[in-house]
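Secondary and tertiary structure notes
Chain by chain, the residues run as shown.
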Amino acid sequence: MKLINAIIKPFKLDDVREAISEVGIEGLTVSEVRGFGRQKGHTELYRGAEYQVDFLPKVKLEIAVKSEDADRIIEAITKSAHTGKIGDGKIFVYDLEQAVRIRTGELDVAAL
């Protein structure tokens, strides 16, 4: 099993959700996060005062999948989150040792 973490631009969330649903994924976890990378940040004007925004809003997706499905999901996320501009995000893939569905006690792939 694999755990896919994707950091994307917030306005791309619906596109990504649609794309992974088409691939057959039924569940994911979404968190609103803030961070910076090459995009750095930007300057904003608020009530006449200029200030620096260092941490930009992003969305973090966590998706637990069967190992054989990981490449298709990564491709779906990449295509649907792509704008071609700096700050499109990143995808991280981890090995997932165990999963347990709390309600039924199902383990591993059956718990996904």
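Looking up the protein in an unreviewed UniProt entry gives the name P-II family nitrogen regulator, with the organism given as Thalassotalea mangrovi. In the Sequence similarities (unreviewed entry) part of its UniProt record, the protein is described as follows: "Belongs to the P(II) protein family."

1. Some thoughts on unusual backbone geometry
Positive phi outside glycine occurs at aspartate 108, with the angle close to 50°. With respect to the secondary-structure elements, aspartate 108 resides in the segment after strand S6 (89-95).

2. Things to note about the nonpolar core
Ile20, Ile63, Ile73 and Ile77 are the most contacted members of the largest nonpolar core, which has 16 residues in total. Among the elements of the structure, strand S1 (2-8), helix H1 (13-23), strand S5 (56-65) and helix H2 (70-81) are those that each provide at least two residues to this core. Among the elements that line this core, the one with the most residues is H2, at five residues. Setting aside residues up to four positions removed in sequence, isoleucine 73 forms contacts with Ile4, Ile20, Val23, Ile25, Ile63 and Val65.

Analysis parameters
- Residues numbered from 1 in each chain as written.
- Predicted model: local features only at pLDDT ≥ 70, side-chain atom pairs only at ≥ 80, totals over all residues.
- Heavy atoms only, no water.
- UniProt positions renumbered as here; feature names shortened; annotations may be inferred.
- Helix = DSSP H or I, 4+ residues; strand = E, 2+ residues; numbered from the N terminus.
- Core = buried A, V, L, I, M, F, W, Y, C linked by side-chain atoms within 4.5 Å.
- Buried < 20%, exposed > 50% of the residue type's maximum accessible area, 1.4 Å probe, protein only.
- Contact = heavy atoms within 4.5 Å.

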